[in-house]
Amino acid sequence: MRHFRRIGVGSVLLILWWMVTPPGSGARDDGVDRVAVTNFPEVQPVEGRVAVTEPIPRTRLVRFQETVGPVDRNEVTRLVDGGILEAEGFGSVTLSLGGFAKGSL
């Protein structure tokens, strides 16, 4: 029973210490991250100097605006092309679709 009590007290103290410690107190915050390049010879050989010359894009807002005429749900041959979204180099894509009716329904 004493063993469980010690574990409980130790856990509570650890949680309190974690809550009181300011975030990032042990991390470097000079804006520069160290990068290590691992060479995988058979898969992706890396040779020479490796440099990133410009910021790597992480987000981009692309907007397509189309006017769509009234079409019955069964008329699938009257689809409207919304455009092509170039997403090369991005790890994921979030697509939001919105619309509103003009005139009376």
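These figures come from a predicted structure and were not determined experimentally.

1. Structural notes on the overall build of the chain
Scanning the chain from N- to C-terminus turns up one helix and zero strands. Among the 105 residues that make up the chain, the fraction classed as buried is 0%. Of the roughly 11,500 Å² that the chain leaves accessible, carbon and sulfur atoms contribute 57%.

2. What about the pattern of salt bridges?
In a structure, side chains of opposite charge can pair up when their charged atoms sit close to one another. Under the definition given, this model contains one salt bridge. Here glutamate 75 and arginine 78 are joined by a salt bridge, their closest N and O atoms 3.3 Å apart. Judged by its relative accessible area of 45%, arginine 78 is partly exposed.

3. Comments concerning the environment of aspartate 81
When you line up the elements, aspartate 81 lands in the segment after α1 (2-20). On a C-alpha basis, the gap between aspartate 81 and valine 68 in space is 9.7 Å, while along the polypeptide they are 13 residues apart. Separated by 3.2 Å, the side chain of aspartate 81 and the backbone nitrogen of glycine 83 make a polar contact.

About the thresholds
- Residues numbered from 1 in each chain as written.
- Predicted model: local features only at pLDDT ≥ 70, side-chain atom pairs only at ≥ 80, totals over all residues.
- Heavy atoms only, no water.
- Helix = DSSP H or I, 4+ residues; strand = E, 2+ residues; numbered from the N terminus.
- Buried < 20%, exposed > 50% of the residue type's maximum accessible area, 1.4 Å probe, protein only.
- Areas by Shrake-Rupley, 256 points an atom, 1.4 Å probe, with all protein chains shown as cover.
- Salt bridge = Lys/Arg side-chain N within 4 Å of Asp/Glu carboxyl O.
- Polar contact = N/O pair within 3.5 Å; in protein donor to acceptor, adjacent residues only side chain to side chain.

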